[in-house]
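# A structural walkthrough
The lines below spell out each chain.
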Amino acid sequence: DFVGASETIITVSFNPLNSHNEYVLQWKEYHQKWETDGQSKQMNSNEMTKTGNGKIQTNIEGLNPGATYTVRLRTLGEGSQSEAGKASPELIIDTEAVSCTPKPSCMIL
């Protein structure tokens, strides 16, 4: 689930499965190909903090401002030769554009 986005960070959450502890969160810019440009991070649900509703929430950092990203989640099998499971439905998320306008709280009238 999409939680939020800033200029360089996307926050997502998901319900962990009882049958899996290991996950891979994958992302890429919308126009890129998964095979050549996809990035990922591996996560263990037992080592992550869960929100009040039992979901796991995580950030994807170091993104480009004003870009559109595709994000998906995969489960990992057991063992060192872990095979990635079927990918979740993809989320398409825009990061915020860099703002050139001062925020109202920073303006002197």
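Treat the numbers as computed from the prediction; the structure is a model and nothing was measured.

## Section: the packing of aromatic side chains
As enumerated under the stated definition, the model contains one aromatic pair in all. Seen from their ring centres, Phe-14 and Tyr-23 are 4.9 Å apart, and the 55° between their planes marks the pair as tilted. As far as burial versus exposure is concerned, Phe-14 and Tyr-23 are alike and both buried. For the cation-ring pair, Lys-28 lies above Trp-34, with the distance from its terminal atom to the ring centre recorded as 5.2 Å.

## Overview of the pairing of strand β2 (residues 10-14)
Of all the five residues making up β2, five are buried; the element is thus mostly covered by neighbouring parts of the structure. Residues Ile-10, Val-12 and Phe-14 line one face of β2 and the alternating positions Thr-11 and Ser-13 line the opposite face, and both faces are buried. In this structure, strand β1 (residues 2-5) lies alongside β2, joined through three bridges in antiparallel fashion. Bridge pairing links Gly-4 to Thr-11 in β2. Following β1, the chain reverses through four residues before pairing antiparallel with β2. Relative to strand β5 (residues 56-60), β2 runs antiparallel, the two sharing five bridges. Bridging across to β5, Phe-14 finds its partner in Ile-56.

So, how was this worked out
Residues numbered from 1 in each chain as written. Predicted model: local features only at pLDDT ≥ 70, side-chain atom pairs only at ≥ 80, totals over all residues. Heavy atoms only, no water. Phe/Tyr/Trp six-rings, centres within 6.5 Å; stacked < 30°, edge-to-face > 60°. Buried < 20%, exposed > 50% of the residue type's maximum accessible area, 1.4 Å probe, protein only. Lys NZ or Arg CZ within 6 Å of the ring centre and 35° of its normal. Helix = DSSP H or I, 4+ residues; strand = E, 2+ residues; numbered from the N terminus. Pairing = 2+ DSSP bridges.

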